[in-house]
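Report on the structure
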Amino acid sequence: ALQVELQRLSAEVNALQRQAVGCWNEVEAAAAARNVATIEFQQDAENMRRELQKAYRGTEFTRRIVAQAGQYQQELESWQANKSELEAAVAVRCREWQDANLALR
């Protein structure tokens, strides 16, 4: 009877050892999966950081372009005003010359 009980306990110990090995394998697999997920998360985070940097640089570039366009618009308006003044002065001078030419005839 003692021999039978010893064999039963030995079988239980063996079963528990197999179960422990199985649990340990599951723990190792979970740790490996966690490591893979961590690496993937870090890669995704790095990719997102790069994309955000690109978007920020694009925004800064756009902001500079808009500011530069505003400066060009102001310069254009200034040049148009100067052109209008010059055209008016030339028109006055032409009329003066025409009047002077008529007076000389």
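Worth saying up front: this structure is predicted, and the values here are computed from it rather than measured. (Residues numbered from 1 in each chain as written. Predicted model: local features only at pLDDT ≥ 70, side-chain atom pairs only at ≥ 80, totals over all residues. Heavy atoms only, no water.)

As a further point, take the overall build of the protein chain. The helix and strand inventory of the protein chain stands at one helix and zero strands. For a compact globule of 105 residues, the expected C-alpha radius of gyration is about 13 Å, and the protein chain comes in at 45 Å, more than 25% above that figure. With the principal axes as the frame, the protein chain shows a C-alpha extent of 150 × 15 × 10 Å. Burial statistics for the protein chain: of 105 residues in total, 0% are counted as buried. About 9,600 Å² of surface is accessible on the protein chain, with carbon and sulfur atoms providing 61% of the total. (Helix = DSSP H or I, 4+ residues; strand = E, 2+ residues; numbered from the N terminus. Rg over C-alpha atoms; globule rule 2.2 N^0.38 Å. Buried < 20%, exposed > 50% of the residue type's maximum accessible area, 1.4 Å probe, protein only. Areas by Shrake-Rupley, 256 points an atom, 1.4 Å probe, with all protein chains shown as cover.)

Moving on, we come to the pattern of salt bridges. Under the counting rule described, the total for this entry stands at eight salt bridges. One salt bridge in this structure joins Glu87 and Lys83, with 3.8 Å as the shortest N-O distance. You can see Glu87 and its partner Lys83 sitting in helix α1 (residues 2–104), four residues apart, about one turn around the helix. Look at the salt bridges and you will find they share partners, linking Glu5, Arg8 and Glu12 into a network. (Salt bridge = Lys/Arg side-chain N within 4 Å of Asp/Glu carboxyl O.)

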